[in-house]
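# A closer look at the structure
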Amino acid sequence: MVSVLYFARSAELAGLRCENPLGPRQKSALQLWRRSVKLAVIRDQVVFAVRQEYVLLGDQLLLLQPGDEVAIIPPISGG
Amino acid sequence: AMAGAAAARLRAEIRRRERELRGLRERLRPSWLLGFPAELPPLPARSALSAAEILRYSRQLVLPDSVLVVGCGGLGCPWRSTWRRPAWAAWGWWITTWWRRATAAAGAARRGARGRPKARSAAARCGGFNSAVQYVPYRGALGPRSALRLVRQYDIVADCSDNVPTRYLVSDACVLAGKPLVSGSALRLEGQLVVYNYRGGPCYRCLFPEPPPPDTVTNCADGGVLGVVTGIIGCMQALEVLKIASGMGSSFHQYMLMFDALEGRFRNIKLRPKKADCAVCGDSPSITCLQDYEAFCGSSATDKCRTLQLLPSKDRISVERYKELLDERVPHVLLDVRPQVEVDICRLEHAVHIPLRKLEEKDEEYLQYLQKRIREEKQRTDEQTSFPVYVICKLGNDSQKAVKILQELPVKEFGSVLAKDIKGGLMAWATKIDSTFPQY
Ligand SMILES: [Zn+2]
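The rules behind the values
- Residues numbered from 1 in each chain as written.
- Chains lettered and ligands numbered in written order.
- Predicted model: local features only at pLDDT ≥ 70, side-chain atom pairs only at ≥ 80, totals over all residues.
- Heavy atoms only, no water.
- UniProt positions renumbered as here; feature names shortened; annotations may be inferred.
- Helix = DSSP H or I, 4+ residues; strand = E, 2+ residues; numbered from the N terminus.
- Buried < 20%, exposed > 50% of the residue type's maximum accessible area, 1.4 Å probe, protein only.
- Contact = heavy atoms within 4.5 Å.
- Areas by Shrake-Rupley, 256 points an atom, 1.4 Å probe, with all protein chains shown as cover.
- Core = buried A, V, L, I, M, F, W, Y, C linked by side-chain atoms within 4.5 Å.
- Patch = residues over 30% accessible without salt bridge, like charges linked within 9 Å, V, L, I, M, F, W, Y side chains within 5 Å.
- Salt bridge = Lys/Arg side-chain N within 4 Å of Asp/Glu carboxyl O.
- Lys, Arg positive; Asp, Glu negative; His and termini not counted.
- Charge placed at Lys NZ, Arg CZ, Asp CG, Glu CD.
- Pairing = 2+ DSSP bridges.
- Polar contact = N/O pair within 3.5 Å; in protein donor to acceptor, adjacent residues only side chain to side chain.
- Phe/Tyr/Trp six-rings, centres within 6.5 Å; stacked < 30°, edge-to-face > 60°.
- Lys NZ or Arg CZ within 6 Å of the ring centre and 35° of its normal.
- Donors = N, O, S within 2.8 Å, 3.2 Å for Na, K, Ca; no water.
- Tetrahedral: all angles 85-135°; square planar, octahedral: opposite > 155°, others 65-115°.

With an unreviewed UniProt entry as reference, chain B is termed Molybdenum cofactor synthesis 3, source organism Malurus cyaneus samueli. As its UniProt record puts it under Subcellular location (unreviewed entry), chain B is described as follows: "Cytoplasm, Cytosol".

Labelled according to an unreviewed UniProt entry, chain A appears under the name MOCS2A, originating from Malurus cyaneus samueli.

Now the structure itself:
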């Protein structure tokens with residue numbers, strides 16, 4: 001099972017902190033990103049990470065393994 | 001001739017001593033500097049270190065290093081205790097800027113009367129801890145004109161600020177001045193730490209090329225941060241600064257540290273290297289001087305509790321006007337859109353409560369409830385004109401978002417509704433109308 005984790009503002013926009021999408025194991029970064037249309041407004045303000053590693057939001061295919069973690073990380077600016 | 005040479009030598013000695021005296025005076029002066037001076041007060045000469053100080057620092061930091069700490073809210077606070085008994089002591093400076101309107105989100109360790117310049121009290125307390133470290137407090141909001149000059153005077157910069165424009169400003173200034181930036185941030189139960197512009201790593205813009213639209217930035221009205229979380233991130237920032245200053249280096253130019261307090265978990269996210277086409281640190285940068293960051297981000301740095309302008313003025317009323325309407329007993333519905341926790345603290349008795357989140361989700365149950373309340377109130381009037389719904393929140397930002405949602409509700413079910421927001425929200429109500437209403 002693959003987990004998509006939403007942090008900070010993306011969790012608010014998506015309305016959840018974690019989900020486990022089903023479907024093919026091969027997906028592009030953009031396909032994963034577009035799971036939640038509400039996130040479109042912060043597209044240029046996120047670090048998109050797969051297996052805890054930065055991935056460019058593009059069409060390149062990712063082969064996801066069970067247990068993989070996809071993280072959507074907008075910057076937080078508070079302090 | 002010999003007497004002449006001796007006199008010249010003595011005169012040179014006098015000049016040297018006078019310089020030293022000026023430097024020492026500068027250190028002793030209640031170092032409360034207004035604005036951003038062009039130059040730092042001189043560091044005392046190395047020979048001014050006492051034997052005890054040399055013993056204390058010789059095994060620690062040998063090179064003088066200076067650190068600019070931008071912001072002294074929750075993130076800036078922990079620096080005090082970190083530098084108090086340094087296992088590592090930096091021979092340098094501890095600098096903070098002071099925000100004219102630093103409000104809300106009080107850090108766990110913050111003390112001092114309201115409105116008192118925090119940089120001064122922070123620096124004063126640091127000075128008491130460790131006399132070999134010099135602290136220079138700055139007062140004022142860092143702007144495009146002062147930032148680069150200031151950043152150039154230091155070796156390492158720590159961003160402890162609390163708003164988006166300052167983050168872009170400080171990052172760009174560090175790229176232009178070639179200084180590493182230890183950036184920490186925290187909101188609610190999350191914290192982040194990255195070292196930007198360091199050893200081929202990215203800058204802030206490499207990761208986040210565009211600022212978020214201002215109305216998607218969580219403001220202090222519905223944000224807030226736990227002092228412990230800023231404390232943890234602030235301490236880690238201080239640690240990374242010391243590692244960089246000592247030459248050990250930091251690995252957070254390759255990784256972003258994320259702290260999730262709810263889950264109790266730290267994550268290291270591997271970052272990209274710097275972007276070849278980055279607007280500021282790339283191969284052919286388009287940004288070669290500092291800009292207007294408040295315009296770039298569409299929000300103000302000194303006012304992190306931004307006041308949004310989402311509605312035209314015809315869709316808004318003042319608290320004074322609303323008071324008149326109440327006194328005139330004009331039929332209406334007052335809708336409070338704050339989160340439940342805030343409503344539990346205080347509320348206007350006659351208000352209908354629906355959190356903004358539920359409106360955004362078009363929650364059936366809540367919308368039916370609202371519809372019912374509007375119908376009930378409407379029965380008291382025989383007028384067929386649009387029925388007024390006034391929307392209130394804490395500061396008047398969320399209420400505008402709510403009005404926009406109400407304006408799009410189907411007329412068929414809700415009838416004709418005239419939604420307006422109450423400017424400045426309940427806090428304006430507390431200051432201008434009812435002084436007994438709690439301010440929080
Ligand atoms: Zn860059």
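### Remarks on the overall build of chain B
In terms of helices and strands, chain B carries 16 helices and 14 strands. Within chain B, the fraction of its 440 residues that count as buried is 52%. If you take every contact in chain B between residues at least 6 apart in sequence, the share linking residues at least 24 apart comes to 73%. Split by element, the accessible area of chain B, about 21000 Å² in all, is 53% carbon and sulfur.

### Some words on the nonpolar core
In terms of nonpolar packing, the biggest core is built from 37 residues, with V47 and I73 of chain A together with L68, V157, F208 and M256 of chain B touching the most fellow members. In this structure, I73 of chain A is in contact with F7, Q45, V46, V47 and A49 of chain A together with Q192, F208, M256, M258 and I269 of chain B, ignoring residues within four places of it in sequence. Within the second largest apolar cluster, 22 residues are counted, among which are L311, I374, F387 and L406 of chain B.

### Describing a positive patch on the surface
A contiguous patch of positive charge, built from R11, R15, R19 and R22 of chain B, is present on the exposed surface. For R11 of chain B, the location among the structural elements is in helix α1 (residues 2–28).

### Observations regarding the pairing of strand β1 (residues 3–6) of chain A
Side-chain positions along a regular strand alternate between the two faces of the sheet. All names here are of chain A. Of the two faces of β1, the one carrying S3 and L5 and the one carrying V4 and Y6 are both buried. Bridge analysis of β1 against strand β7 (residues 69–73) gives four bridges, and the strand direction is parallel. The residue of β7 that forms the bridge with L5 is A71. Bridging between β1 and strand β2 (residues 18–19) involves two bridges; their strand directions are antiparallel. Across the sheet, L5 pairs through a bridge with C18, a residue of β2.

### Focus on helix α14 (residues 398–407) of chain B
All names here are of chain B. Among the 10 residues of α14, eight are classified as buried, and the element is accordingly described as predominantly covered. Residues D398, S399, Q400, K401, A402, V403, I405 and L406 constitute the buried set of α14. Of the surrounding elements, those touching the buried residues of α14 are β10 (316–317), β11 (333–336), α12 (356–360), α13 (364–378), β13 (387–392) and β14 (417–422).

### Brief notes about the side chain of E190 of chain B
Mapped onto the fold, E190 of chain B is located in strand β7 (residues 190–196). Within the structure, E190 of chain B has its side chain in polar contact with the backbone nitrogen of A8 of chain A (distance 3.0 Å).

### Some words on the packing of aromatic side chains
All names here are of chain B. Under the definition given, this model contains eight aromatic pairs over all chains. Judged by centre distance (5.2 Å) and plane angle (85 degrees), the rings of Y168 and F296 are edge-to-face. Taken together, the residues Y168 in helix α6 (residues 164–177) and F296 in helix α9 (residues 293–297) connect sequence positions 128 residues apart. Overall, the relative accessible area of 1% leaves Y168 in the buried class. Accessibility expressed as a relative area gives 26% for F296, which makes it partly exposed. An aromatic cluster of at least three residues, connected via ring pairs, comprises Y168, Y196, Y204, F208, Y293 and F296. Sitting over the ring of Y255, K270 keeps its end group 5.7 Å from the ring centre.

### Comments concerning the coordination of the zinc ion
Residue and element names in this part refer to chain B. Distances from the zinc ion to its protein donors, C203 (SG), C206 (SG), C278 (SG) and C281 (SG), fall at 2.2 to 2.3 Å. For the zinc ion, the four donor atoms in the first shell make angles of 93 to 118 degrees at the metal, a pattern classed as tetrahedral. For the zinc ion, the single-chain donor residues occur in sequence as C-x2-C-x71-C-x2-C. You can see C203 sitting in the loop between β7 and α7 (204–207) and its partner C281 sitting in the loop between β9 (265–270) and α9, a full 78 residues away along the chain.

### Considerations on the environment of G76 of chain B
Residue and element names in this part refer to chain B. Among the structural elements, G76 can be located in the loop between β2 (64–70) and α3 (79–82). On the basis of relative accessible area, G76 is assigned to the buried category, the value being 0%. For the pair G76 and G184, spaced 108 residues apart in the sequence, the C-alpha separation amounts to 9.5 Å.

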